[in-house]
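The chain contents come next:
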Amino acid sequence: MVNSRRMSLSDLLAQNRAWAAAQVARDPDYFARLTGGQHPRVLWIGCSDSRVPAEQVLGCGPGDLFVHRNVANIVAYNDINIAAVVQFATHNLGIEDVVVCGHYGCGGIRAACAHEAPTGYIGDWLAIAGWAQRAVDARLAAAGRVPEREAYLRLVVEENVRLQLTHLSHLSVVRDRWARTPGVPRLHGWVYDIGTGLVKAVEGSDT
Ligand SMILES: [Zn+2]
């Protein structure tokens, strides 16, 4: 595997040509079928982190997932980008399962929890995840627990998934769909472990 930091853009384009040729060699109608439309199984809302490519970690390919990614997999109320994605996925494509997938080792969550808060747009954005940190802090204080730093950050990553599912459940596009088809879309909270490649459900996150 080539170190992506050393790849030039012409390398990337050459890899694309090789990939497309290999797909056609395996299945001559592969791209022709994809031009006929899309019927993705799941809407994936994940982190922009380069180590968490939705299709690859789920063993999927083109056409399988409808994907929205941003820093720290946040569902913001005032983000018409994600609202439009959710609307198109659930109303137009008929997707019935929406996954918010966080990941351990998330730089966004680490920055949100840093003693010195990030500044600029990234600080504004990550402030939305601040409620997850406060919820974890309150729970740990009540239990008298002081986990080591990495364990603490994993708890915040998981809580951030629950928080963003709550935000998702408040979006009018989701509520409108629930009003028409109770229980659909189903919302799921997952977390990906960069160190093992495994995805698991976040406890208490399924609706
Ligand atoms: Zn991340």
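The rules behind these values
Residues numbered from 1 in each chain as written. Predicted model: local features only at pLDDT ≥ 70, side-chain atom pairs only at ≥ 80, totals over all residues. Heavy atoms only, no water. Helix = DSSP H or I, 4+ residues; strand = E, 2+ residues; numbered from the N terminus. Contact = heavy atoms within 4.5 Å. Areas by Shrake-Rupley, 256 points an atom, 1.4 Å probe, with all protein chains shown as cover. Lys, Arg positive; Asp, Glu negative; His and termini not counted. Charge placed at Lys NZ, Arg CZ, Asp CG, Glu CD. Expected span 1.5 Å × (residues − 1). Polar contact = N/O pair within 3.5 Å; in protein donor to acceptor, adjacent residues only side chain to side chain. Donors = N, O, S within 2.8 Å, 3.2 Å for Na, K, Ca; no water. Buried < 20%, exposed > 50% of the residue type's maximum accessible area, 1.4 Å probe, protein only. Core = buried A, V, L, I, M, F, W, Y, C linked by side-chain atoms within 4.5 Å. Pairing = 2+ DSSP bridges. Axes fitted to C-alpha atoms, helices over the stretch in contact; angles between N-to-C directions. Domains from an automatic or database assignment. Salt bridge = Lys/Arg side-chain N within 4 Å of Asp/Glu carboxyl O.

This brings us to the overall build of the protein. When helices and strands are counted, the protein shows nine helices and five strands. Going residue by residue from the N terminus, the α and β elements of the protein occur as α-α-β-α-β-α-β-α-α-α-α-α-β-β. Counting only C-alpha atoms and orienting by the principal axes, one finds that the protein spans roughly 60 × 50 × 30 Å. The long-range share in the protein, meaning contacts at least 24 apart out of those at least 6 apart in sequence, stands at 64%. Within the structure as shown, the protein displays about 11800 Å² of accessible surface, and the carbon and sulfur contribution to it stands at 56%. Averaged over its 20 positive side-chain charges, the protein has a centre that lies 1 Å from the centre of its 20 negative ones.

Attention now moves to helix α8 (residues 149-170). Each α-helix winds once per 3.6 residues, and so residues spaced three or four apart point in a common direction. For α8, with 22 residues, the first-to-last C-alpha span of 31 Å sits near the 32 Å given by 1.5 Å per residue. At the N-terminal boundary of α8, the capping side chain belongs to Glu148, with an oxygen 3.1 Å from the backbone nitrogen of Glu150.

Another aspect to go through is the coordination of the zinc ion. Looking at the zinc ion, the protein donor atoms are Cys47 (SG), His103 (NE2) and Cys106 (SG), and they sit 2.0 to 2.3 Å from it. Donor residues for the zinc ion, ordered by position in the chain, follow C-x55-H-x2-C. Of this pair, Cys47 sits in strand β1 (residues 42-47) while His103 sits in strand β3 (residues 97-104), and the two are 56 residues apart along the sequence. Judged on exposure class, the residue Cys47 and its partner His103 are both buried.

A few words on the nonpolar core. Counting residues in each nonpolar core, the largest one holds 39 residues, and the members touching the most others are Leu43, Ile45, Val86, Ile109, Tyr152, Val156 and Leu168. For this core, the secondary-structure elements that each account for two or more residues are β1, α4 (80-92), β3, α5 (107-112), α7 (130-143), α8, α9 (172-180) and β4 (186-193). Among the elements that take part in this core, α8 stands out by supplying eight residues, more than any other. Membership of the second largest hydrophobic core comes to eight residues, among which are Val52, Ala54, Leu65 and Tyr192.

What the five strands build is an open sheet, ordered β2-β1-β3-β4-β5; its pairing is mixed. At either end of the open sheet lies a strand with only one pairing partner, and these are β2 (65-70) and β5 (198-201). Going from strand to strand, the sheet's axes swing by 25° on average, the running direction of each strand aside. Taken strand by strand, α4 contacts β1, β2 and β3, and its axis lies near 170° from that of β2.

Splitting the protein by domain gives domain 1 (1-37) and domain 2 (40-201). Placing the centre of domain 1 and that of domain 2 at their C-alpha centroids yields a distance of 29 Å.

Moving on, we come to the pattern of salt bridges. Applying the stated rule across the entire model yields ten salt bridges. Between Glu150 and Arg110 there is a salt bridge whose closest N-O contact spans 3.0 Å. On the criterion of sequence distance, the pair formed by Glu150 in helix α8 and Arg110 in helix α5 is long-range, its members being 40 residues apart. Look at Glu150 and you get partly exposed, because its relative accessible area is 36%. One salt bridge in this structure joins Lys200 and Glu158, with 3.9 Å as the shortest N-O distance.

Once that is clear, we can look at the pairing of β5. Direction of pairing for β4 relative to β5: antiparallel, over a ladder of four bridges. Following the sheet pairing, Val191 is matched in β5 by Lys200. Taken together, β4 and the strand that follows it, β5, pair antiparallel across an intervening segment of four residues, in which Gly197 is found at a positive phi of about 80°.

Another point: unusual backbone geometry. Going from Val184 to Pro185, the amide bond is cis rather than trans, its omega being 10°. By the element assignment, Pro185 lies in the loop between α9 and β4. Although it is not a glycine, Ala72 sits at a positive phi angle of roughly 70°. Position of Ala72 relative to the elements: it lies in the loop between β2 and α4. When its relative accessible area of 0% is taken as the criterion, Ala72 is described as buried. At Asn73, a residue that is not glycine, the phi angle is positive and equals roughly 40°. Within the secondary structure, Asn73 sits in the loop between β2 and α4.

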